[in-house]
Amino acid sequence: MVFSGTATKYLAEKICQSLGCPLGNLQFTRFSDGEFAVSYEESIRGRDVFLVQSTFPNSDNLMELLLMIDAAKRASAKSINAVIPYFGWARQDRKDRPRVSIGAKLVADLLSVAGVDRVITMDLHADQIQGFFDVPVDHLYASGVILPYLQSLHLEDMVIASPDVGGSKRANTYAKYLGVPLVLCNKTRSRANVVATMQIIGEVKGKNVVIIDDMVDTAGTITKAADIMKEAGAKSVRACASHCVMSGPANERVQDSALEEIVFTDSIPYTQRCSKVKQLCVADMFAETIRRVLENKSISDQYIV
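Below you will find a few notes about this structure. (Residues numbered from 1 in each chain as written. Predicted model: local features only at pLDDT ≥ 70, side-chain atom pairs only at ≥ 80, totals over all residues. Heavy atoms only, no water.)

Looking now at the overall build of the protein. A tally of helices and strands in the protein yields eight helices and 14 strands. By the compact-globule yardstick of 19 Å for 305 residues, the protein fits well, its C-alpha radius of gyration being 20 Å. A burial count over the protein gives 50% of its 305 residues as buried. Taking contacts inside the protein between residues at least 6 apart in sequence as the whole, the part at least 24 apart equals 62%. As displayed, the protein offers around 13,900 Å² of accessible surface, 48% of which is attributable to carbon and sulfur atoms. (Helix = DSSP H or I, 4+ residues; strand = E, 2+ residues; numbered from the N terminus. Rg over C-alpha atoms; globule rule 2.2 N^0.38 Å. Buried < 20%, exposed > 50% of the residue type's maximum accessible area, 1.4 Å probe, protein only. Contact = heavy atoms within 4.5 Å. Areas by Shrake-Rupley, 256 points an atom, 1.4 Å probe, with all protein chains shown as cover.)

In structure tokens, the structure reads:
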């Protein structure tokens, strides 16, 4: 049985269409002070329950998921599987300076204490976050939909680029699969969400550059990289990222940048309008994973890279 929180219902409905099952009946009761309660409007006793909810801000989305898990546990579900296309708080994965929280570990603990039996997610900001959980984690990759799209463009002289050194492993995987060169950008930040300087490591002149990242938040890094590459003689610059956070001035920055297009998955709903933004659907990928979990089949068989 598949249920959805309020923010990710659009994706849960597509997943159910792919699975050929109805979306479960779940009710949210909201009080005037902002508190809310969750109730299942049908029996889930002894059933394998899949709860679809991305935990992007605001925090209500995470709280909804926790209450859905708790209610399912108290309703005697056989297994409780959290399907989290976008795992929020993942950028807080380590102590990078004194006296800071590790939000990713805290959220993992909250989900475990609530009663989750399995987590299915996609493109975590850092792979090691899987180790924060004491339950199985099925970690999917957006490359399953992004790589076929890039191949469909039939770009000549393609170059894969990473907007920072931290994303080099992901970009290198794409470059190896496509058989094209890899370019890196070395950036320094003055503070969070603000890029101070950036240098290109590699040749982009006369090339069609594709920048690969896991998420785009304020779009400062990716638009600065695109502008610098265009100034360095790139024939065209486009970007692909797993999660469409796109907060603050992101839309204006993308629209005014040298980017020809920016491609995301629909792990996060995108309601704003920017002519350069394109979204690819991951519902079939998550539906196939749910099917394989139920049938005790390998998940890794569906990975492209």
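So, about the sheet that holds strand E7 (residues 137-140). Sheet architecture is open: five strands sit in the order E1-E4-E5-E6-E7, paired in parallel fashion. At either margin of the open sheet sits one strand with a lone partner, and together these are strand E1 (2-4) and E7. When the angles between neighbouring strand axes are averaged without regard to direction, this sheet yields 20 degrees. Across the face of the sheet, helix H1 (residues 9-19) comes into contact with E1 and strand E4 (48-52) while running at roughly 165 degrees to E1. (Pairing = 2+ DSSP bridges. Axes fitted to C-alpha atoms, helices over the stretch in contact; angles between N-to-C directions.)

Here the focus is the layout of surface pockets. The calculated volume of the largest pocket comes to roughly 1,400 Å³. Considering the residues around the largest pocket, the lining is formed by 46 residues, among which Arg-91, Arg-94, His-125, Asp-164 and Asp-214 are closest to the centre. Those elements giving two or more residues to the lining of the largest pocket turn out to be helix H5 (168-178), strand E9 (182-191), strand E11 (208-216) and helix H6 (220-231). Among the residues forming the lining of the largest pocket, the class breakdown is 15 nonpolar, 15 polar and 16 charged. Taken as a whole, the second largest pocket holds about 210 Å³ of empty space. Met-1, Val-2, Cys-21, Pro-22 and Arg-47 are the residues nearest the centre of the second largest pocket, which is lined by 15 residues in total. Elements supplying a minimum of two residues to the lining of the second largest pocket: E1, E4 and helix H8 (283-294). (1 Å grid on protein atoms, 1.4 Å probe; cavity = no way out; pocket = protein on both sides within 12 Å on 5 of 7 lines; lining within 4 Å. Points joined across faces, edges and corners; volume = space filled by probe spheres on them. Nonpolar A, V, L, I, M, F, W, Y, C, P; charged D, E, K, R; others polar.)

Of all nine residues making up strand E12 (residues 236-244), nine are buried, and the element is well covered by its neighbours. Both E11 and E12 contribute to a ladder of eight bridges, which runs parallel. When the sheet's bridge partners are listed, Val-210 is paired in E12 with Arg-238. As a crossover connection, the stretch from E11 through H6 into E12 is right-handed. Crossover handedness for the path E12 to helix H7 (residues 250-256) to strand E13 (residues 262-265): right-handed. (Right-handed = clockwise from strand over helix to strand, strands pointing away.)

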